[in-house]
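Structural characterization, general
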Amino acid sequence: MPIKKYNCKPENICFMSSNTWDVSGGGVFGYNAVWVNRFNKVFDKLSYKPKFVINNLKELLNIIWKKMARIVKIEKNGGPEVLEIRNVETRDPRPDQVLIEQKAIGLNYIDTYHRTGMYPLPMPTGIGLEAAGVIKKIGSKVKDLSVGDMVAYAGIPIGAYAEQRVYPADKLVKLPDGITTEIAASIMTKGLTVYYLLYKTFPVKSNDTVLFHAAAGGVGQIFCQWAKSIGCKVIGTVGSEEKIKIAKKNGCDLVINYSKENFVEKVKDFTKNEGVPVVYDGVGEKTFEDSINCLRSTGMMVSFGNSSGPVKTIDVKKHIISKSLFFTRPTLGHYFPDKESLREAASKLFEQIKFGKIKIEIFKKYKLNEIVQAHKDLEARKIIGPAIIIP
């Protein structure tokens, strides 16, 4: 009874050379044929038909009992083509960890920074920062989570592009009723980013006028809705005409196409030449100089992303002293150093969604074996809203 090969070439199947296997016939005798039957049934259900190399009976049993999981790995920095799908053995969680069967994985622009090396990582490495799923096993010291809980996470350790993974229990948040795994995976990183931008980095007040770049993007759509619910006036910039409608739909009071219009002039007109108290900029180098010019005295420049490249030079005399400005480059991890701060922020985010103040429309769902195309779409600016990967 041979193991099914499907699209695998014969040389990609390696049989164990012992009495257990009939190498010449490519089959298994006796009771071991039961395991091959089970393997074939599991293999039939896989949406992605990998090239299996069966080295020993333990590896075969791991596949049968779903102890093997697909993950995305990179061996070197580069373009989307460096993303490779691997089959790895899923280990049991340590005392302070849980094993998650992931139902949905978040796709974020920062993932391309890790892939290209803009944010260096030791190689080889997994990739991806957020996901949601169900707990399958818990470590002996985990007391506030249980098998069967639906959970989500955002942040390190990196490696969210996976069917299953072991993750620290204190970095997980439990999903409340009404928040699906797909919604959670699409908004954890983006939503927590918006939370710290609005409440921690520069705590806004009702009637504040703020400038947000890339207002039609994944973070921008959440930011505009949340800021409007607080009572802010939101000026949003976009890079194309088709994105204007998206930004307006999500609450922008004024939308500027910065590829065609001078957004400094537009901001000054809207604020009666006063300027704004804060600029939230995830674009980076392309918008930095003009963003500084949009700020009023003692305003804050919040540079939280680099989609056009990082800000290379800050000249204190030129950029800061002239209006006594503040500049900051915040990152997610510094605002949520413990589970209490993380879970408080996640609770606020989930409340916004449950009460309808933030509406999430998932733009696109990719399969795990479409990850290369997903990264191409990210960098080509084809993704104009939250996107997820279904493993």
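Described below are features of the structure shown in this document. (Residues numbered from 1 in each chain as written. Predicted model: local features only at pLDDT ≥ 70, side-chain atom pairs only at ≥ 80, totals over all residues. Heavy atoms only, no water.)

We now examine the overall build of the protein chain. Helix and strand counts for the protein chain come out as 12 helices and 18 strands. Buried residues in the protein chain amount to 52% of all 391 residues. Contacts spanning at least 24 positions in sequence make up 67% of the contacts within the protein chain whose residues lie at least 6 apart. When the accessible surface of the protein chain is split by element, carbon and sulfur atoms take 52% of a total near 18400 Å². (Helix = DSSP H or I, 4+ residues; strand = E, 2+ residues; numbered from the N terminus. Buried < 20%, exposed > 50% of the residue type's maximum accessible area, 1.4 Å probe, protein only. Contact = heavy atoms within 4.5 Å. Areas by Shrake-Rupley, 256 points an atom, 1.4 Å probe, with all protein chains shown as cover.)

Bringing the nonpolar core into the picture now. Among soluble globular proteins, nonpolar side chains are generally buried collectively. Grouped together as the largest cluster of nonpolar side chains are 53 residues, with contacts concentrated most on Tyr280 and Phe350. For this core, the leading source of residues is helix H4 (residues 181–201), giving 11 residues. Aside from chain neighbours lying at most four places away, what touches phenylalanine 350 is Val173, Lys174, Leu175, Pro176, Ile179, Ile187 and Met188. By size, the runner-up hydrophobic cluster in this structure holds 28 residues, among which are Val82, Tyr167, Tyr366 and Ile371. (Core = buried A, V, L, I, M, F, W, Y, C linked by side-chain atoms within 4.5 Å.)

Moving on: the packing of H4 against helix H11 (residues 339–354). Across the interface, H4 lies against H11 with an axial gap of 10 Å and an inter-helix angle of 110°. As summarised for this structure, H4 and H11 are arranged roughly perpendicular, according to the angle between their axes. Relative to H11, H4 is oriented so that their crossing is right-handed. Here H4 contributes Ile183, Ile187, Met188, Gly191, Leu192 and Tyr195 to the contact with H11, which in turn contributes Leu342, Glu344, Ala345, Ala346, Lys348, Leu349, Phe350 and Ile353. Tallied by class, the residues present in the contact of H4 with H11 amount to 11 nonpolar, 1 polar and 2 charged. (Axes fitted to C-alpha atoms, helices over the stretch in contact; angles between N-to-C directions. Parallel < 35°, antiparallel > 145°, perpendicular 65-115°, else oblique. Left-handed = near helix turned anticlockwise from the far one by under 90°. Nonpolar A, V, L, I, M, F, W, Y, C, P; charged D, E, K, R; others polar.)

Strand order across the open sheet formed by 3 strands is S4-S3-S6, with antiparallel pairing between neighbours. Either end of the sheet is taken by a strand with one partner, and the two such strands are strand S4 (84–89) and strand S6 (125–126). Alignment of strand S3 (residues 68–74) against S4, held across 6 bridges, turns out to be antiparallel. Counterpart to alanine 69 in the pairing with S4 is valine 88. (Pairing = 2+ DSSP bridges.)

All right, on to the pairing of strand S7 (residues 130–138) then. Note that strand S5 (residues 97–107) and S7 share 7 bridges and pair antiparallel. The residue bridging glutamate 101 from the neighbouring strand is valine 134, located in S7. Inspection of the sheet shows S7 paired to strand S8 (residues 150–154) by 5 bridges, in the antiparallel sense. In the strand pairing of S8, glycine 133 is matched with valine 151.

Moving on, we come to helix H7 (residues 263–270). Every buried residue of H7 is listed here: Phe263, Val264 and Val267. Each buried residue of H7 sits inside an arc of 105° when the element is viewed along its axis, so together they form one side. With respect to the buried face of H7, the exposed residues turned more than 90 degrees away are Glu265 and Asp269. Taken together, the buried residues of H7 touch strand S11 (209–212), strand S12 (233–238), strand S13 (254–257), strand S14 (276–281) and helix H8 (285–294). Of the residues flanking the start of H7, the one acting as N-cap is asparagine 262, its side-chain oxygen 3.0 Å from the backbone nitrogen of valine 264. (Arc of directions from axis to C-beta. Polar contact = N/O pair within 3.5 Å; in protein donor to acceptor, adjacent residues only side chain to side chain.)

With that settled, the discussion passes to H8. Within the sequence span of H8, burial applies to Thr287, Phe288, Ser291, Ile292 and Cys294. The buried residues of H8 occupy an angular sector of 145° when projected down its axis, which confines them to one face. Where H8 is buried, its residues meet S11, H7, S14, strand S15 (295–303), helix H9 (316–320) and strand S16 (326–328).

This brings us to the pairing of S3. The element S3 is largely enclosed, with a buried count of 6 among its 7 residues. Alignment of S3 against S6, held across 2 bridges, turns out to be antiparallel. The residue of S6 that forms the bridge with lysine 73 is glycine 126.

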